[in-house]
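Coordinate analysis (summary)
Okay, here's what each chain looks like letter by letter:
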Amino acid sequence: KSSKREWKPLEDHSCTDVPWLLLFVLFCIGMGFICGFSIATGAAARLLSGYDSYGNICGQKNVKVEGIVNSGLDLTHKKYVFFLDPCNIDLVHQKIKSIALCVSACPRKELKTLADIQKFAETNGSTLCSYELQPSEYTTDPRAAKLCPKYPVPESAPIPFFHRCAPVNISCYAKFAEALITFVSDSSVLHRLISGVMTSKEIIMGLCLLSLVLSMILMVIIRYISRVLVWILTILVILGSLGGTGVLWWLYAKQRISALETQVAKDNLQALLIYAIAATVFTVILFLIMLIMRKRVALTIALFHVAGKVFIHLPLLVFQPFWTFFVLILFWAYWITVLLFLGTTGSPVPNEEGFVEFRMAGPLKYMWWYHVVGLIWISEFILACQQMTVAGAVVTYYFTREKRNLPFTPILASVNRLVCYHLGTVAKGSFIITLVKIPRMILMYIHTQLKGKENACARCMLKACICCLWCLEKCLTYLNQNAYTATAINSTNFCTSAKDAFVILVENALRVAAINTVGDFMLFLGKVLIVCSTGLAGIMLLNYQRDYTIWVLPLIIVCLFAFLVAHCFLSIYEMVVDVLFLCFAIDTKHNDGSPGREFYMDKVLMEFVENSRKSMKEAGRGGGAEGRELKPM
């Protein structure tokens, strides 16, 4: 019955899934309650101003905690938190295993002896030893070995806005990383890796900016030269893969001939060999895939051309990743801030060492679970809003016969329809993704905690469940995107739209497979091109620092960032292609070109489908099914 639904594109607008919008609003109010509760209980002051091991908040007068010495002090002039041993991390309990004190100034130079610590206190008025010791007792009192900082005291500087004294020496950061990265057995390797990142930070930032510029250039190219883009991408990827592989083997051969005097140079030689082998395998696999797909590459050109027209008429689509990323960053910053508030929320409780910890009692200690669900649901909601916005804009473009009659800004018109009518549909769709994502994350956490403890059968079952949930999540995400398109067309609720979109996709399964396979592959080649270009530039720049910098971590960081940027931009293009196809499938199903039932589609899009049908028939793969699927024009 749903296949016979009467589609009336852009004619009716009505509110959809209002109960789910109310549920989402109530959930967000609960998130706000958690933030307000943590601020009201003093967590915000403890997080921003910092507190010592005795429960005193730095920079203000404090209330006495029963049973705790040195609590209830007036620390108005001591505004910074100083750790006696800041590099001593207890990863299990997620805290610094050190006494924390409030001081008036951070040591801006290294203090090597107790005499230097005493001189610093007398000169700057900042006592770095525990409150019960006077500066004159630092070198005479035997308790100074326990109550004074571990020396040499590293040079430190206050963290902006958080009033903590943080070491500026890179070796201390390496110790932090050693505590966090438990699988690294050789600490010297980790020190060299982190040193390489810090030494190459300017190059890393420049290469990340390069990947952003390349992604923008590729989007412009897609708009204006879409007909030749497929062949250009194919040729460039072939040349880039061959060139990158050749350069890696050349550098490996060159460095192997030269004398290797330092350990860093030997590590770089080994890394070059691994990179060269991996690049060779990747190039061979890429060539095999392109050999298999070569007959379908021509079919993609027309589809890219129509999508390019959409970007010409809707140029603001290019900036959708920026707005989405900006909103996500704002929400994640808020979420992390509230999470830090929750970490310092609660009542002061003495621990076994005689210091103060803040703990929540009763049901309130489970608030962070609610907070974690909020992270997933609201993040998915923001991404779904982007999908609905893009779908609404492309639907407006497709079903407007005279393109000169398009709204001045279809993107803003789509945002307006989303806010006025379809926020409930977006909330419901994102909640469904959340329901699948949470169990998968729980299973992944259990798998991580039980690593090395469970038997082979249990490990296999866990991985199978995680894989199945991942596949289900990807399928639901694709169906949700098409459901948003159906909602944008007909203003139906989520379940009705999902059912209608599913029926349309099943009826056009062959075309869905062909278009998604070829289109996604070409967009993947675009991502590969950006990553290869950025990585090749990184290799050439880092080659000048090979004697004192390890390449591994800087190059991995740059390539990951380049892929992330390319994925964000090209995913918008992929989204436009999917929306165009669903609109086209609905158009061909309910219109036949006769008076009163004229087609909405672009001529180039119809030529693409007709050529696709002919090619499949000639290859013997389309057969009668594809012939029945397309009505003759």
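Being a predicted model, the structure only gives us computed values, none of them experimental.

**Observations concerning the overall build of the protein**
Secondary structure assignment for the protein yields 19 helices and eight strands. When each of the 633 residues of the protein is scored for burial, the buried share is 48%. Look at the contacts in the protein between residues 6 or more apart in sequence, and 71% of them connect residues 24 or more apart.

**Thoughts on unusual backbone geometry**
Even without a glycine there, the phi angle at Asp17 is positive, about 55 degrees. Looking at the element boundaries, Asp17 is found in the segment before helix H1 (18–40). Even without glycine at this site, Ser491 takes up a positive phi of about 55 degrees. Structurally, the position occupied by Ser491 is in the loop between helix H14 (456–490) and helix H15 (494–507).

**Digging into the state of the cysteines**
Cysteine pairs can be linked by a disulfide, which is a covalent bond between their two sulfur atoms. Per the stated rule, a full pass over the model turns up three disulfides. Residue pairing for Cys106: its cysteine sulfur links by disulfide to Cys165, the two sulfurs lying 1.9 Å apart. Between Cys106 and Cys165, the disulfide has an S-S torsion of -80 degrees and is therefore left-handed. Here the residue Cys106 occupies a position in the loop between strand S4 (100–103) and helix H3 (114–124), and Cys165 occupies one in strand S6 (residues 165–167), the gap between them amounting to 59 residues. Classification of Cys165 by relative accessible area gives buried; the value is 5%.

**Quick word on the packing of aromatic side chains**
Under the criterion given, the structure shown has 16 aromatic pairs. Taking 5.6 Å as the distance between ring centres and 70 degrees as the angle between the ring planes, the aromatic pair formed by Tyr54 and Phe355 counts as edge-to-face. With Tyr54 in the loop between helix H2 (43–49) and strand S1 (80–83) and Phe355 in the loop between strand S7 (347–350) and strand S8 (356–359), this residue pair connects regions lying 301 residues apart in the sequence. Residues Tyr54 and Phe355 agree in their burial class; the two are buried. On the basis of an interplanar angle of 70 degrees and a centroid distance of 5.0 Å, the ring pair of Tyr398 and Phe399 is categorised as edge-to-face. Taking the relative accessible area as the measure of exposure, Phe399 reaches 8% and is therefore buried.

**Overview of the nonpolar core**
Membership of the largest hydrophobic core comes to 58 residues, with the highest contact counts inside it found for Leu317 and Val576. Taken together, the elements giving at least two residues each to this core come down to helix H7 (201–224), helix H9 (263–293), helix H10 (297–313), helix H12 (367–398), H14, H15, helix H16 (509–542) and helix H17 (552–590). In terms of residue count, the dominant contributor to this core is H17 (17 residues). Look past the residues within four positions of Val576 in its chain and what remains in contact with it is Ala307, Val310, Phe311, Leu317, Val390 and Val394. Listed in part, the 33 residues of the second largest apolar core include Ile99, Ala121, Cys129 and Cys165.

**Topic: the packing of H1 against helix H11 (residues 320–343)**
Packing of H1 against H11 brings their axes to within 9 Å, and their N-to-C directions diverge by 45 degrees. It follows that H1 is oblique to H11 by the angle criterion. Crossing hand, H1 versus H11: left-handed. In this structure, H1 uses Met31, Gly32, Ile34, Cys35, Ser38 and Ile39 to contact H11, whose residues at the interface are Tyr334, Trp335, Val338, Phe341 and Leu342.

**Topic: the side chain of Gln386**
The topology assignment puts Gln386 in helix H12. Gln386 gets classed as buried once you look at its relative accessible area, which sits at 10%. Beyond its immediate chain neighbours, meaning those up to four positions away, Gln386 contacts Gln320, Pro321, Thr324, Ile572 and Met575.

What counts as what
Residues numbered from 1 in each chain as written. Predicted model: local features only at pLDDT ≥ 70, side-chain atom pairs only at ≥ 80, totals over all residues. Heavy atoms only, no water. Helix = DSSP H or I, 4+ residues; strand = E, 2+ residues; numbered from the N terminus. Buried < 20%, exposed > 50% of the residue type's maximum accessible area, 1.4 Å probe, protein only. Contact = heavy atoms within 4.5 Å. Disulfide = S-S within 2.5 Å. Phe/Tyr/Trp six-rings, centres within 6.5 Å; stacked < 30°, edge-to-face > 60°. Core = buried A, V, L, I, M, F, W, Y, C linked by side-chain atoms within 4.5 Å. Axes fitted to C-alpha atoms, helices over the stretch in contact; angles between N-to-C directions. Parallel < 35°, antiparallel > 145°, perpendicular 65-115°, else oblique. Left-handed = near helix turned anticlockwise from the far one by under 90°.

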